[in-house]
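Chain residues, written in single-letter form:
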Amino acid sequence: MKGLTIIGSGSAVPNQVLSNQDLSSIVDTSDEWIESRTGMKERYVSSAQESLAQLAAKAAINAISMANLTPEDIDLIILATSTPDDLFGSACQVQNIIGAKRAVAFDLTAACSGFVFALVTASQFIRQGVYRNVLVIGADVLSRWVNWEDRTTCVLFADGAGAVVCQSHETKDNFLGFELCSDGTQNSSLNLAYMGTTHNLLENISVGSGSYQTINMKGKEVYRFAVEKVPEVIEKALHRSNLTIEDIDWLILHQANQRIIDSVATRLGLDKQKVISNISKYGNTSAASIPLALDEAIRQSRIKPGDIIAISGFGAGLTWGAAIFCWGGSN
Ligand code: COA
């Protein structure tokens, strides 16, 4: 079995900034309500001309460059997204944009848990010795799927992309443990469902034809699910890593709500200084939120090589998961 190191990170956001103040002129809300309930101040949203693939590609190039590799060194690209430009998947578009000619590329959908699920998937290919350099991207453009008349959801979601480069290693193994979970019985708590209308092909044969609805969420249910399940899944991932919470240098949760982040940290008994949050600037960017926060903290030199990081994602599906790793090529 090979070991795994995480040797590069990158991120990207679209150009347009949408503040709480801006939102208060779109729906009946206020800066005070949004900030006190969620911790969000502003977020980035893509224009109709900007693509998910371009955003993901920018984050990918930044990560590959930090890893001191070229796109042609990449063997596998996993794009975690729920908002591809193409329903058949956008990973191959990213492969084309960055010029990763040798890479196999596919999408992975696990909503806001997508980055954690994709990183774990990457680790399996690396451990088995199948691929050496794997690019894992979390990218979403949820602004396309928000109902901009629904104040209970439109103030939360935003756009962004983050990426890491994982590399196999003969002796070092910096991917320490993980735990993934799904519960389809709670699917209706948070979904973006297909909206079919009947299209009659022949007298006795019809097909569905249609599009998708907008994001539908039962906020309180999702909140309760997150504060209960996230500490649990982190503790399981720590157990699998033979670590305890005291061993963790940094906790990066999916950036859905500052109150969820605070509550999880308290339940885990983790010092607030070790919790990374950038939700005030970015809002909930779904699969992008963890790698965006990770990349920002690495580039600010808050996270240093050798630091042990716990990440945890949760969201639609419902899905949730956690992974523990050590940043950088050495430890
Ligand atoms: N601006 C102003 N008022 C708002 C509002 C907004 N944007 N959205 C809702 N309200 C109102 C509600 O209508 C309600 O009014 P009422 O008391 O007159 O009925 C009041 O604010 C309280 O709403 P409530 O839903 O109880 O608020 P909350 O404290 O539960 O916060 C969320 C709402 C959505 C912020 C919170 O439930 C949450 O974060 N849930 C998790 C969502 C999440 O993380 N989803 C993504 C997971 S990946």
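Everything here concerns the structure above.
Quick caveat, the model's predicted, so the values are computed rather than measured. (Residues numbered from 1 in each chain as written. Predicted model: local features only at pLDDT ≥ 70, side-chain atom pairs only at ≥ 80, totals over all residues. Heavy atoms only, no water.)

Taking 1.5 Å per residue as the helical rise, helix H3 (residues 52-66) with its 15 residues ought to reach 21 Å, and the 22 Å between its terminal C-alpha atoms agrees with that figure. Check the buried side of H3 and you find it contacts strand E1 (3-12), strand E4 (76-80), helix H4 (91-98), strand E6 (133-141) and strand E7 (159-169). (Helix = DSSP H or I, 4+ residues; strand = E, 2+ residues; numbered from the N terminus. Expected span 1.5 Å × (residues − 1). Contact = heavy atoms within 4.5 Å.)

This part is about the environment of Leu 69. With respect to the helices and strands, Leu 69 occurs in the loop between H3 and E4. Between the C-alpha atom of Leu 69 and that of Ser 36, which follows or precedes it by 33 residues, the distance is 43 Å.

So, about the sheet that holds strand E14 (residues 275-276). On the basis of which strands lie adjacent, the open sheet formed by five strands has the order E8-E16-E15-E13-E14 and mixed pairing. The open sheet has two edge strands with one neighbour each: strand E8 (175-182) and E14. Of the strand pairs in this sheet, strand E13 (residues 250-253) and strand E15 (residues 308-315) are connected by four bridges, and their pairing is parallel. Along E15, the bridge assignment pairs Trp 250 with Ile 309. (Pairing = 2+ DSSP bridges.)

Right, let's get into the site of the ligand. Taken together, 23 residues lie near the ligand, and Thr 29, Arg 37, Arg 151, Lys 220 and Asn 257 sit nearest. One nitrogen or oxygen atom from the side chain of Arg 37 is found 2.7 Å from an oxygen atom belonging to the ligand. Contacts to the ligand include Arg 151, whose backbone N or O atom sits 2.9 Å from a nitrogen atom. Contact with the protein chains removes 74% of the 960 Å² of surface that the ligand exposes when unbound. Contributions of two or more residues to the shell around the ligand are made by helix H2 (31-38), helix H6 (151-154), helix H7 (219-240), helix H8 (258-268) and E15. When residues of the shell around the ligand are assigned to their parent elements, the largest contribution, four residues, is made by H7. Grouping the amino acids of the shell around the ligand by side-chain chemistry returns 10 nonpolar, eight polar and five charged. Two domains each provide a minimum of three residues to the shell around the ligand, namely domain 1 (3-174) and domain 2 (176-185 + 216-279 + 286-326). (Near = heavy atom within 4 Å. Polar contact = N/O pair within 3.5 Å; in protein donor to acceptor, adjacent residues only side chain to side chain. Areas by Shrake-Rupley, 256 points an atom, 1.4 Å probe, with all protein chains shown as cover. Nonpolar A, V, L, I, M, F, W, Y, C, P; charged D, E, K, R; others polar. Domains from an automatic or database assignment.)

Counted according to the given criterion, the structure contains six aromatic pairs. Ring geometry for Trp 145 versus Tyr 212: centroids 6.0 Å apart, planes at 80 degrees, classification edge-to-face. Highlighted residues: Trp 145 in the loop between E6 and H6 and Tyr 212 in strand E11 (residues 205-212), separated in sequence by 67 residues. Judged by relative accessible area, Trp 145 falls into the partly exposed class, the value being 26%. (Phe/Tyr/Trp six-rings, centres within 6.5 Å; stacked < 30°, edge-to-face > 60°. Buried < 20%, exposed > 50% of the residue type's maximum accessible area, 1.4 Å probe, protein only.)

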